[in-house]
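A structural walkthrough
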Amino acid sequence: AQRVTQPEKLLSVFKGAPVELKCNYSYSGSPELFWYVQYSRQRLQLLLRHISRESIKGFTADLNKGETSFHLKKPFAQEEDSAMYYCALLKSGAGKSTFGDGTTLTVKP
Amino acid sequence: IAGITQAPTSQILAAGRRMTLRCTQDMRHNAMYWYRQDLGLGLRLIHYSNTAGTTGKGEVPDGYSVSRANTDDFPLTLASAVPSQTSVYFCASSEGDSNQPQHFGDGTRLSIL
C-alpha cells in the first residue's frame, strides 16, 4: 500500500530564510505527487504537482525517485507562506490520493 | 464561483443524534471524497465515490455512511454521533479516472458533546 510521510509536524523559519518541507513516499508504481496548501481559515488548495515542473509562489518540488522524495522548497520564505502544507500521492489512474499528516509552516518576521 | 459547497459551516451536536453533512459540486467531477482533519493526524479518507451510483470505504469509514445518487451531491451521514467524531470534515472532488488534483470545500466543523 502507498504511504506518504511528512516527518516534520511543525517548521519555523525567519522571513528571507530558505525553507524545505520534507515529503517521502512509498509506492511500487509510478506516482503522481502533489503539494496542497491550507492558509488560515481557507480551504485546501493545490499548490503544485510534480508533472507540471513549475514554480508556484516561489515554491518548487522535484520528484526524486531514487530517494522516493518530493520535498517542497523555497529559497526565501515570506510571512504569507505561513500555512499548513500537505504532500499527497495519487496512484496512477486511481483517483484516490493518500495524504501525509501535514506540516505547519510558520514564517517569523 | 464554481466549486464545492459544504453545509453546514459548523455544528454542535449531542451524542447519539443523527447528522448529515452536505456536499455539492458544480464541476461535473466524477469522483468525490470525504475526509476528516484532526490535529496531528492530517487528512484521513472516510469514504469516496468514483462515479454516481458507486461508493467505497476509505481509511476510517466506521460510524459514517455516504450515498451518491447523482453526480453533484455526496452527503455524509453520522447515524449516531459519538464524541470521537468531533473533527473538521472536508469534501473534495476530482475528475476521477484522470490524474487530476482534488478540489476541496471549505469544511464543516463538527463538535459532538
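Read on for a plain summary of the structure. Small disclaimer: the values here were computed from a predicted structure and weren't measured.

1. Topic: the overall build of chain A
- Helix and strand counts for chain A stand at zero helices and 11 strands.
- Here the C-alpha radius of gyration of chain A, 13 Å, is about what a compact globule of 109 residues would show, namely 13 Å.
- When the backbone C-alpha atoms are referred to their principal axes, chain A occupies close to 40 × 30 × 25 Å.
- Per-residue burial for chain A yields a buried fraction of 44% across its 109 residues.
- Contacts in chain A between residues at least 24 apart in sequence constitute 57% of all its contacts with a sequence separation of at least 6.
- Total accessible area computed for chain A in this model is approximately 5,500 Å², and 49% of it derives from carbon and sulfur atoms.
- Averaging the coordinates of the 15 positive side-chain charges in chain A and doing the same for the 10 negative ones gives two points 5 Å apart.

2. Focus: the sheet that holds strand β7 (residues 60–61) of chain A
All names here are of chain A.
- The strand order across the open sheet built from three strands is β3-β8-β7, with neighbouring strands paired in antiparallel fashion. Every other strand in the sheet has two partners, leaving β3 (19–21) and β7 as the edge strands with one partner each.
- Where β3 and strand β8 (residues 72–74) come together, three bridges link them in antiparallel fashion. Residue pairing across strands places V19 opposite K74, the latter belonging to β8.

3. A few points about the interface of chain A and chain B
- Taken residue by residue, the interface counts 21 residues in chain A and 22 residues in chain B.
- Taken together, both faces of the contact between chain A and chain B bury some 1,800 Å²; the carbon and sulfur share is 48%.
- Interface area lost by chain A to chain B is led by R43(A), L44(A) and K96(A), which between them contribute 32%.
- Linking chain A with chain B are one salt bridge, by the criterion used here.

4. Brief notes about the pattern of salt bridges
Residues and elements named next belong to chain A.
- In total, this model carries nine salt bridges over all chains according to the counting rule given.
- Between E20 and K22 there is a salt bridge, and its shortest N-O distance comes to 3.1 Å.
- For E20, a relative accessible area of 28% corresponds to the partly exposed category.
- On the accessibility criterion, K22 (29% relative accessible area) is partly exposed.
- The residue E32 makes a salt bridge to R49 at a minimum N-O spacing of 3.6 Å. Here E32, found in strand β5 (residues 31–38), pairs with R49, found in strand β6 (residues 45–49); they are 17 residues apart in sequence, far enough to count as distant.
- For R49, a relative accessible area of 13% puts it in the buried group.

5. A few points about the side chain of E32(A)
- The class of E32(A) is buried, set by a relative accessible area of 11%.
- Beyond its immediate chain neighbours, meaning those up to four positions away, E32(A) contacts R49(A), H50(A), I51(A), A88(A), L89(A), L90(A) and N99(B).

6. Topic: the state of the cysteines
All names here are of chain A.
- For the coordinates displayed, the defined rule picks out two disulfides over all chains.
- Residue C23 pairs covalently with C87 via a disulfide, S to S 2.0 Å. Judged by the sign of its S-S torsion, about -65°, the bond between C23 and C87 is left-handed. With C23 in the loop between β3 and β4 (24–26) and C87 in strand β9 (residues 83–91), this residue pair connects regions lying 64 residues apart in the sequence.

Definitions and cut-offs
Residues numbered from 1 in each chain as written. Chains lettered and ligands numbered in written order. Predicted model: local features only at pLDDT ≥ 70, side-chain atom pairs only at ≥ 80, totals over all residues. Heavy atoms only, no water. Helix = DSSP H or I, 4+ residues; strand = E, 2+ residues; numbered from the N terminus. Rg over C-alpha atoms; globule rule 2.2 N^0.38 Å. Buried < 20%, exposed > 50% of the residue type's maximum accessible area, 1.4 Å probe, protein only. Contact = heavy atoms within 4.5 Å. Areas by Shrake-Rupley, 256 points an atom, 1.4 Å probe, with all protein chains shown as cover. Lys, Arg positive; Asp, Glu negative; His and termini not counted. Charge placed at Lys NZ, Arg CZ, Asp CG, Glu CD. Pairing = 2+ DSSP bridges. Buried area = accessible area lost by both parts, 1.4 Å probe. Salt bridge = Lys/Arg side-chain N within 4 Å of Asp/Glu carboxyl O. Disulfide = S-S within 2.5 Å.

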